[in-house]
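# Descriptive analysis of the structure
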Amino acid sequence: MKDAPMESTQDIVTRILAGEVRAAARLMRDLDDGVPGAREVLKHLYPQSGQAHIVGITGSPGVGKSTLTDRLIQHLRNQEHTVGVVAVDPTSPFSGGAILGDRIRMQRHATDEGVFIRSLATRGHFGGLTASARAVLTVLDAMGKDYLLVETVGVGQDEVEIAATAYTTLVVTVPGLGDDIQALKAGLLEVADILVVNKADREGAERTQQDLLAMLDLRFAKETPAWMPRIYLTQAKRDEGISELLAGIQEHQAYLSREGGENLRAARLERVRQEFLELMKEGIYHHLVSLLRQDDRLQAILEDILDRRTDPYTACETLIAQTLPGDDSNTS
Ligand SMILES: Nc1nc2c(ncn2[C@@H]2O[C@H](COP(=O)(O)OP(=O)(O)O)[C@@H](O)[C@H]2O)c(=O)[nH]1
Ligand SMILES: [Mg+2]
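About the criteria used
- Residues numbered from 1 in each chain as written.
- Chains lettered and ligands numbered in written order.
- Predicted model: local features only at pLDDT ≥ 70, side-chain atom pairs only at ≥ 80, totals over all residues.
- Heavy atoms only, no water.
- Helix = DSSP H or I, 4+ residues; strand = E, 2+ residues; numbered from the N terminus.
- Buried < 20%, exposed > 50% of the residue type's maximum accessible area, 1.4 Å probe, protein only.
- Contact = heavy atoms within 4.5 Å.
- Areas by Shrake-Rupley, 256 points an atom, 1.4 Å probe, with all protein chains shown as cover.
- Phe/Tyr/Trp six-rings, centres within 6.5 Å; stacked < 30°, edge-to-face > 60°.
- Donors = N, O, S within 2.8 Å, 3.2 Å for Na, K, Ca; no water.
- Arc of directions from axis to C-beta.
- Axes fitted to C-alpha atoms, helices over the stretch in contact; angles between N-to-C directions.
- Left-handed = near helix turned anticlockwise from the far one by under 90°.
- Nonpolar A, V, L, I, M, F, W, Y, C, P; charged D, E, K, R; others polar.
- Core = buried A, V, L, I, M, F, W, Y, C linked by side-chain atoms within 4.5 Å.
- Polar contact = N/O pair within 3.5 Å; in protein donor to acceptor, adjacent residues only side chain to side chain.
- Salt bridge = Lys/Arg side-chain N within 4 Å of Asp/Glu carboxyl O.

### Structural notes on the overall build of the protein chain
What the protein chain contains, in helices and strands, is 12 helices and seven strands. Counting over 332 residues, the protein chain shows a buried share of 45%. Long-range contacts, defined here as pairs at least 24 residues apart, represent 76% of the contacts in the protein chain between residues at least 6 apart. When the accessible surface of the protein chain is split by element, carbon and sulfur atoms take 52% of a total near 18,400 Å².

### Description of the packing of aromatic side chains
According to the stated counting rule, one finds one aromatic pair in the structure shown. With 5.3 Å between their ring centres and 35° between their planes, Trp 227 and Tyr 255 make a pair best called tilted. With Trp 227 in the loop between helix 9 (205-219) and strand 7 (230-233) and Tyr 255 in helix 10 (residues 242-294), this residue pair connects regions lying 28 residues apart in the sequence. The exposure classification of Trp 227 matches that of Tyr 255, with both residues buried.

### Comments concerning the coordination of the magnesium ion (ligand 2)
Distances from the magnesium ion (ligand 2) to its protein donors, Ser 66 (OG) and Glu 151 (OE), fall at 2.2 Å. Highlighted residues: Ser 66 in helix 4 (residues 65-78) and Glu 151 in strand 4 (residues 147-153), separated in sequence by 85 residues. A relative accessible area of 7% places Ser 66 in the buried class.

### Brief notes about unusual backbone geometry
For Asp 239, which is not a glycine, the phi torsion comes out positive at approximately 60°. Within the chain, Glu 259 stands out as a residue other than glycine whose phi angle is a positive 50°. Tracing the backbone shows Glu 259 in helix 10.

### Structural notes on helix 3 (residues 38-45)
Regarding helix 3, the residues found buried are Ala 38, Val 41, Leu 42 and Leu 45. The arc enclosing the buried residues of helix 3, seen along the axis, measures out at 100°, which places them on a common side. Residues of helix 3 that are buried in the fold lie against helix 1 (9-17), helix 2 (21-33) and helix 6 (129-142).

### Overview of the packing of helix 11 (residues 297-306) against helix 12 (residues 312-323)
Contact pair helix 11 / helix 12: the axes reach a minimum separation of 9 Å and the direction vectors enclose 150°. Helix 11 and helix 12 meet at a crossing whose hand is right-handed. Across the interface between the two elements, Arg 297, Ile 301 and Ile 305 of helix 11 pack against Pro 312, Ala 315, Leu 319 and Gln 322 of helix 12. A per-class count over the contact of helix 11 with helix 12 returns five nonpolar, one polar and one charged.

### Brief notes about the nonpolar core
If you look at the biggest cluster of nonpolar residues, it comprises 37 residues, and the most contacted ones within it are Ile 16, Leu 27, Leu 45, Val 86, Val 139 and Leu 140. Ranked by residue count, the leading element in this core is helix 6, at eight residues. Non-local contacts of Val 86, meaning those with residues more than four positions away in its chain, are made with Arg 118, Leu 120, Val 136, Leu 137, Leu 140, Leu 149, Val 150 and Glu 151. Val 55, Val 85, Tyr 147 and Ile 194 belong to the second largest nonpolar core, which has 23 residues in total.

### So, the side chain of Asn 198
Tracing the chain through its elements places Asn 198 in the loop between strand 6 (194-197) and helix 9. Separated by 2.9 Å, the side chains of Asn 198 and Thr 234 make a polar contact. Those residues in contact with Asn 198, other than ones at most four positions away along the chain, are Val 63, Gly 64, Leu 68, Val 172, Thr 173, Val 174, Pro 175, Thr 234, Gln 235 and Ala 236.

### Focus: the pattern of salt bridges
Throughout the structure, instances matching the rule amount to 15 salt bridges. With its nearest N and O atoms 2.9 Å apart, the salt bridge here joins Lys 43 to Glu 40. With Lys 43 and Glu 40 both in helix 3, this residue pair falls three residues apart, about one helical turn. Residue Lys 43 is classed as exposed on the basis of its relative accessible area, which comes to 53%. Here Glu 40 falls in the partly exposed class, since its relative accessible area comes to 35%.

Laid out in structure tokens, this is it:
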């Protein structure tokens with residue numbers, strides 16, 4: 001395949017800001033491949049982002065997140081909102097199975113100009129999955145999408161975090177909680193602004209709702225939160241309860257914007273915090289590794305550790321002290 005002629009950063013930025021799907025898709029690929037220059041484009045897009053309402057959708061595999069996402073897209077489109085979707089899927093990039101599944105499930109939106117869907121596998125992204133998902137969100141946001149839906153499987157810290165740093169986070173479960181109740185107790189409940197009991201056509205939906213209510217009561221026994229998480233029963237497959245769920249999402253959105261938007265600012269600040277700290281972690285790591293590569297110091301350090309002339313803790317502290325200026329406090 002012949003290389004396309006080089007395009008200036010400004011040209012690409014202009015095309016993406018104009019909402020050009022092909023330019024955006026190309027940038028997302030380049031970002032994943034670590035193509036030099038791709039990040040420069042992102043730097044120019046970032047100031048134009050920050051307006052979209054980001055909705056995280058997380059929960060165990062198979063609870064119906066993709067089906068639900070597909071329905072939410074439709075309902076948002078009916079309201080004439082534009083929508084961007086990032087689906088983070090645990091499937092290996094080699095089989096691509098479930099990614100294909102998401103694509104097919106949401107395919108009816110493929111020809112809709114107002115919808116952009118991007119699936120990410122959990123491996124094979126330059127800078128890591130979280131960074132990749134954030135970059136895609138920034139691109140979609142800068143393109144002017146009104147709502148960004150982020151579907152992640154609620155297993156693994158990264159995936160939960162991607163959904164948790166959305167402005168409105170949905171935690172999806174199904175009747176007959178079982179293992180899910182453990183996951184909820186172990187922290188998923190903490191990040192939920194809205195709880196969804198999908199597959200409400202199955203037996204035990206009301207019971208599950210009661211269990212969730214009891215868990216919320218327990219959690220907020222001492223103090224009533226400014227936002228009490230809502231619980232919705234849905235049948236994504238049959239498009240039941242989705243209007244109500246969307247109304248709940250938009251109520252939460254309105255809650256965040258209330259009273260001068262202090263809550264929204266706090267939620268956005270939290271996103272920025274996560275984003276910056278992650279980039280810093282990645283940046284410093286790569287910086288140090290490339291320094292060590294330059295003069296083969298890595299090998300020397302490893303052998304010192306292997307022969308017990310030093311230990312990995314001291315070696316790491318020494319390296320950081322030698323490389324980064326100014327930290328007098330002991331942070332170990
Ligand atoms: N019975 C029932 N099945 C559903 C419902 N919603 C989704 N499903 C099915 O659950 C399966 C998993 O759905 P999917 O959206 O891929 O789940 P995900 O892994 O959480 O994204 C699919 O076969 C869906 O058709 C529902 O409301 N009721
Ligand atoms: Mg899915």
